[in-house]
Amino acid sequence: MASSVKQLCTICNDDGISNSAVTWCTECEVLFCGDCEKPHSKSHLSKNHKTMSADDYQKLPTFMQEISSQCQDHKKKFELYCSCHACPCCVQCVTDKHKMCQEMKPLSDILQQVKSSASVQLFETDLKDVKENIDTAIKYLQTRITTTDTQNTKAIEKIRYMRKSIDDYLNKLEQDLRNDLESKHSQLKSNMASLMQQMEQRACQINQIQSQFSETTRYTTELQRFIALREIEKITSQTTKYIEDLESGDHFIEKNLEVNLSSALQSILQDVKSFGDININTTTSTLKIKAGRKDQAQHLIPKVPGVEQIKPSLLTKLTIPKDMKSLNITVCLILPDGNFIILDNINKQLLLFSNDGIFIRKVVSFTEFPYDDCLVMNNTVAVALGQGNQTVLVDVNRSKIVQSIKLSHNCFGVASDCKTLVISDSDSQCTTVNLSDMSHTILEGMRGVFRISLFQGNIYGTKYSENKVYCYKVTGEPLWTFQHQDIARPRGLTLDKNGFVYIASYGNNSILVVSPDGKICKTILSDADGIKGPHAIDINRETGLMIVSSHTSGEKNEKSYQTCFVYKV
């Protein structure tokens, strides 16, 4: 920013006089007051010099005010320009510092280029673009701050909700236990009180007889005494038998109340070390800025990584509940909100897991065996119901089948690009469904495709029995076929944003990637990475997350079961 100090006339100031400057000569590089400016404007040598007001000069950036046309080292005017060092030079500079420099040009030629309007416009555009980029970046960061605040608030709400859920659940368990305690205590107490009442009645009878015994023996006749003693003997005998019967039974067994707290509940104090984890997950920036002139060519040609650069890194795996370890996962999907969907063929169900791999709920069950599913739009999923000859649309949020599409052939594979649905029968044919009007079109030439995927107007598929990967036009016309020794009984497939094809190679426990042209293949995950019998695979093209189904070892003597691993690619 320019200085706000009042400028003084250079000529007068050299003479010790402080006169305010009114004019700046761009060629003499001198400030003039009104008196000194008059001879300067009339002099034959300087009358044609370009001048500007001192106020305008003061508005120039400081770095521009400090630029001089004279060499500070030799006090001579710059006449040359060194392209090697990108700096102006005087004649003496060439001798002192630029003897070895080969690219010395007349400074006037360089300055002539700067004078062109095109050059000025380019730099003006650059400044405008840089300013817009800075403003855009600031707005982006402001938005990110707001988003982070919102995420923080939601995280707090999630923690509080979990705490309340735990408290409510523990309160319910505690109340159930206390109710059971109260019930058993009341029962024990009631039984003993009832028995005690019976015994007190007999004790009262015995006490009465005992208190009257002396009178009975003293004042009665012999006959009365005989009969009375016989009656007393009868009563004492019955009472004795009554007590003996009680004793031989379980009436006098000590029944004590005891509480056994759940071992699972007690283990919380030992096993649960934290309430959770706070992670900072990174995703691709959505910031869009204008490319500078030097970078425009690079931005016009996006840099696509080669197959050799694709290296997945493991993030997490789905936690399968103990009572659900008989799953047969044929498909796994990544929803737009980051949650995961798995299709369980054997139990005919669609299951929802959170983005951290925790089971949330069952979405829906089917009457027919489901074989494949795909994301249609938002949180709507299309599910192919095999020999049921139909594909249904499921609203995941509402856990409801919202539409059924009936076909003339089996439905074993399904794919969508949000506009079109492609449904394949592994033996006979494929059908495309226009999602806007639900019209059907039979595709010729795509027989025997097991699993399919759509990308940029092409259909990709695997043929399980042939160990091949196919690429077709959306009309069904074949584009290329790929076969490789590392592809064995391929099942699911998916594509990333660059068009690389990822294949679940079931027969040799591996995940492979094929180049977009169908010519190069590389194994990116194998048995050594824990991949066993992969059947399903999916990629979120925006976030670069990849999910893969696999068998995994159970705990202790538990059998292996199916789960899904989540990677970043």
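As a reminder, the structure under discussion sits directly above these lines.
First things first, this report covers the structure right here in the doc. As the structure is a prediction and not an experimental result, all values here were calculated from the model. In every chain, residue numbers begin from 1 and rise along the written sequence. With pLDDT at 70 or above as the cut-off, local features in this predicted model cover only qualifying residues; side-chain atom pairs require 80 or more to be listed or tallied, and sums for whole chains, interfaces and linings still use all residues. Here the side-chain values reflect all heavy atoms present in the structure, with hydrogen atoms and water set aside.

### So, the sheet that holds strand S19 (residues 440-443)
Sheet strands line up and pair through hydrogen bonds in the backbone, either parallel or antiparallel.
Thinking step 1. A pair of strands is considered paired only if DSSP assigns at least 2 bridges between the two. Secondary structure elements are defined from DSSP: runs of H or I of at least 4 residues count as helices, runs of E of at least 2 residues count as strands, and each element is numbered from the N terminus. One open sheet holds the 4 strands; their spatial order is S16-S17-S18-S19, and the pairing between them is antiparallel. The sheet terminates laterally at strand S16 (413-416) and S19, the two strands that pair on one side only. Geometrically, the sheet is characterised by an average inter-axis angle of 20 degrees between neighbouring strands, direction not taken into account.
Thinking step 2. The sheet contact formed by strand S17 (residues 420-424) and strand S18 (residues 430-434) spans 5 bridges and is antiparallel. Within S18, the position partnered with Ile423 by the bridge is Thr431. Fitting a line to C-alpha atoms yields each axis, with helices limited to the stretch in contact; the angle taken between N-to-C directions then spans 0 to 180 degrees.

### Side note on helix H9 (residues 222-248)
Thinking step 1. By this rule the span expected of a helix is its residue count minus one, scaled by 1.5 Å. For H9, built from 27 residues, the straight-helix expectation of 39 Å at 1.5 Å per residue is met to within 8% by its first-to-last C-alpha distance of 38 Å.
Thinking step 2. For each residue, the accessible area found with a 1.4 Å probe, counting protein chains only, is set against the maximum for its type, and the residue is called buried under 20%, exposed over 50%, and partly exposed in between. The set of residues buried in H9 consists of Ile232, Ile235, Thr239, Tyr242 and Leu246.

### Considerations on the pairing of strand S12 (residues 372-377)
Thinking step 1. In this sheet, strand S13 (residues 380-384) lies alongside S12 in antiparallel orientation, the contact comprising 5 bridges. Note on S13: the bridge partner recorded for Asp372 is Ala384.
Thinking step 2. Remark: 2 residues form the turn of the hairpin made by S12 and S13, two consecutive strands paired antiparallel; Asn378 in that turn has positive phi of roughly 50 degrees.

### Notes on a nonpolar patch on the surface
Thinking step 1. A cluster of nonpolar residues, Ile159, Met162, Ile166, Tyr169, Leu170, Leu173, Leu265, Ile268, Val272, Phe275 and Ile278, forms a patch on the protein surface that exposes about 1000 Å² of accessible area.
Thinking step 2. Among the secondary structure elements, those contributing two or more residues to the nonpolar patch are helix H7 (117-211) and helix H10 (263-271).
Thinking step 3. Ranked by residue count, the leading element in the nonpolar patch is H7, at 6 residues.
Thinking step 4. Mapped onto the fold, Leu265 is located in helix H10.
Thinking step 5. Relative accessible area serves as the criterion here: at 37%, Leu265 is assigned to the partly exposed category. The patch calculation keeps residues exceeding 30% relative accessible area without a salt bridge and links them within 9 Å when they carry like charges or within 5 Å when they are nonpolar (Val, Leu, Ile, Met, Phe, Trp, Tyr). Method for areas: the Shrake-Rupley scheme with a 1.4 Å probe, in which residue coverage is limited to the protein chains shown. Within this document, salt bridges are pairs made up of a side-chain nitrogen of Lys or Arg and a carboxyl oxygen of Asp or Glu, the two lying within 4 Å of each other.

### With respect to the nonpolar core
Thinking step 1. Counting 17 residues, the largest nonpolar core has Leu318, Ile342 and Ile547 as its most contacted members.
Thinking step 2. Of all the secondary-structure elements, those providing two or more residues to this core are strand S8 (329-334), strand S9 (340-344), strand S10 (349-353), strand S29 (545-552) and strand S30 (561-568).
Thinking step 3. Contact definition: two residues touch when any of their heavy atoms are within 4.5 Å. In this structure Ile342 touches Leu318, Leu327, Ile329, Val331, Cys332, Gln349, Leu350, Leu351, Phe353 and Cys564, once residues within four positions along its chain are discounted. The term nonpolar core refers to a set of buried residues drawn from Ala, Val, Leu, Ile, Met, Phe, Trp, Tyr and Cys, joined through side-chain atoms within 4.5 Å.

### Describing the packing of aromatic side chains
Thinking step 1. Two rings from Phe, Tyr or Trp (for Trp, the six-membered ring) form a pair when their centres are within 6.5 Å of each other. A pair whose planes differ by under 30 degrees is stacked, one over 60 is edge-to-face, and the rest are tilted. What the rule picks out here adds up to 5 aromatic pairs.
Thinking step 2. Taking 5.8 Å as the distance between ring centres and 15 degrees as the angle between the ring planes, the aromatic pair formed by Tyr470 and Tyr472 counts as stacked. There is no split in this pair, since Tyr470 and Tyr472 are both buried.
Thinking step 3. Either the NZ atom of lysine or the CZ atom of arginine qualifies as a charge over a ring when it sits within 6 Å of the ring centre and within 35 degrees of the ring normal. Cation over ring: Arg202 sits above Tyr242, and NZ or CZ is 4.0 Å from the ring centre.
Thinking step 4. Directly above the ring of Tyr506 sits Arg491, whose terminal nitrogen or CZ lies 4.3 Å from the centroid.

### A look at the sheet that holds strand S21 (residues 458-463)
Thinking step 1. Pairing in this open sheet of 4 strands is antiparallel, and the strands run S20-S21-S22-S23 from one edge to the other. Pairing within the sheet leaves two strands with one partner each, and these edge strands are strand S20 (451-455) and strand S23 (478-483). With strand direction ignored, the average angle separating the axes of adjacent strands in the sheet is 20 degrees.
Thinking step 2. The sheet contact formed by S20 and S21 spans 5 bridges and is antiparallel. Bridge pairing in S21 links Ile452 to Gly461.

### Things to note about the state of the cysteines
Thinking step 1. Sulfur atoms of two cysteines make up a disulfide when they are within 2.5 Å. Taken as a whole, this structure holds 0 disulfides when the rule is applied.
Thinking step 2. Free cysteine: Cys93, not disulfide-bonded; nearest cysteine sulfur from Cys90 at 3.3 Å.

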